Amino acid sequence: MGTDSWIVNNREGEEWGLIKRLILDSATRQINYVDVVVIHTGHVARIPWDNFEIGNEGITLGMSEAQAVANGLRSSEAVGGEVVSQVVSM
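Residues numbered from 1 in each chain as written. Predicted model: local features only at pLDDT ≥ 70, side-chain atom pairs only at ≥ 80, totals over all residues. Heavy atoms only, no water.

Asker: Help me out: how do you make sense of the packing of aromatic side chains in this one?
Answerer: Each aromatic ring pair is summarised here by two numbers: the centre-to-centre distance and the angle between the ring planes. As enumerated under the stated definition, the model contains 1 aromatic pair in all. For the ring pair Trp 49 and Phe 52, a centre distance of 5.8 Å and an interplane angle of 35 degrees mean the geometry is tilted. Taking the relative accessible area as the measure of exposure, Trp 49 reaches 23% and is therefore partly exposed. You can call Phe 52 buried: its relative accessible area is 9%. (Phe/Tyr/Trp six-rings, centres within 6.5 Å; stacked < 30°, edge-to-face > 60°. Buried < 20%, exposed > 50% of the residue type's maximum accessible area, 1.4 Å probe, protein only.)

Pasting the structure below:
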């Protein structure tokens, strides 16, 4: 999977962000959160993995952009006890 495959689209199909990092649960090794660089602002939003839809069209944000930004903006630091896996260098 190339780096351009890690683009996140909004519900309208427009490019919304770029996945910067996957946050894994250290016990289950499952993806818990994704750090996304919002294209228009450059801010990093940490969004729960369950809020993405993966399909033939790519990765789509499964919530409104406003909700994602309001709930997800924070620094790109790992949260307690989780493993951070860098997938795209920005």
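Resuming the write-up.
Asker: Honestly, the pattern of salt bridges in this entry has me stumped. Any pointers?
Answerer: Oppositely charged side chains can pair when the atoms bearing their charge come close. Counting across every chain of the model gives 2 salt bridges. Between Arg 21 and Asp 35 there is a salt bridge whose closest N-O contact spans 4.0 Å. Taken together, the positions of Arg 21 in strand 2 (residues 15-24) and Asp 35 in strand 3 (residues 31-38) put the pair 14 residues apart, joining distant regions of the chain. With respect to burial, Arg 21 and Asp 35 carry one shared label: buried. As a salt-bridge pair, Asp 35 and Arg 46 come within 2.7 Å of each other at their nearest N and O atoms. Of this pair, Asp 35 sits in strand 3 while Arg 46 sits in strand 4 (residues 44-48), placing them 11 residues apart in sequence. Judged by its relative accessible area of 3%, Arg 46 falls in the buried class. What emerges from the salt-bridge pattern is a single network uniting Arg 21, Asp 35 and Arg 46. (Salt bridge = Lys/Arg side-chain N within 4 Å of Asp/Glu carboxyl O. Helix = DSSP H or I, 4+ residues; strand = E, 2+ residues; numbered from the N terminus.)

Asker: Is there a simple way to explain the nonpolar core in this structure?
Answerer: For soluble globular proteins, nonpolar side chains are generally found buried alongside one another. Judged by nonpolar contacts, the single largest core of 15 residues is most densely connected at Val 8, Trp 16, Ile 19, Val 36, Ile 47, Phe 52 and Leu 61. Where this core is concerned, the elements lending two or more residues are strand 2, strand 3, strand 4 and strand 6 (58-61). (Core = buried A, V, L, I, M, F, W, Y, C linked by side-chain atoms within 4.5 Å.)

Asker: Would you mind showing me how to read unusual backbone geometry here?
Answerer: Phi is mostly negative for residues that are not glycine, and the peptide bonds are mostly trans. Of note, Arg 29 is a non-glycine position whose phi angle comes to about 65 degrees, a positive value. For Arg 29, the position within the fold is in the loop between strand 2 and strand 3. Judged by its relative accessible area of 52%, Arg 29 is exposed.

Asker: What's the story with the environment of Asn 10 in this structure? I'm lost.
Answerer: Here Asn 10 is to be found in the loop between strand 1 (7-9) and strand 2. When its relative accessible area of 3% is taken as the criterion, Asn 10 is described as buried. Measuring from C-alpha to C-alpha, the distance between Asn 10 and Ile 59 comes to 8.8 Å, with 49 residues separating the pair along the chain. Leave out the neighbours within four places in its chain, and Asn 10 touches Trp 16, Thr 60 and Glu 65. Among the polar contacts listed, one links the side chain of Asn 10 to the backbone nitrogen of Glu 12, at a separation of 3.0 Å. (Contact = heavy atoms within 4.5 Å. Polar contact = N/O pair within 3.5 Å; in protein donor to acceptor, adjacent residues only side chain to side chain.)

Taken by themselves, the reported measurements are silent on function.
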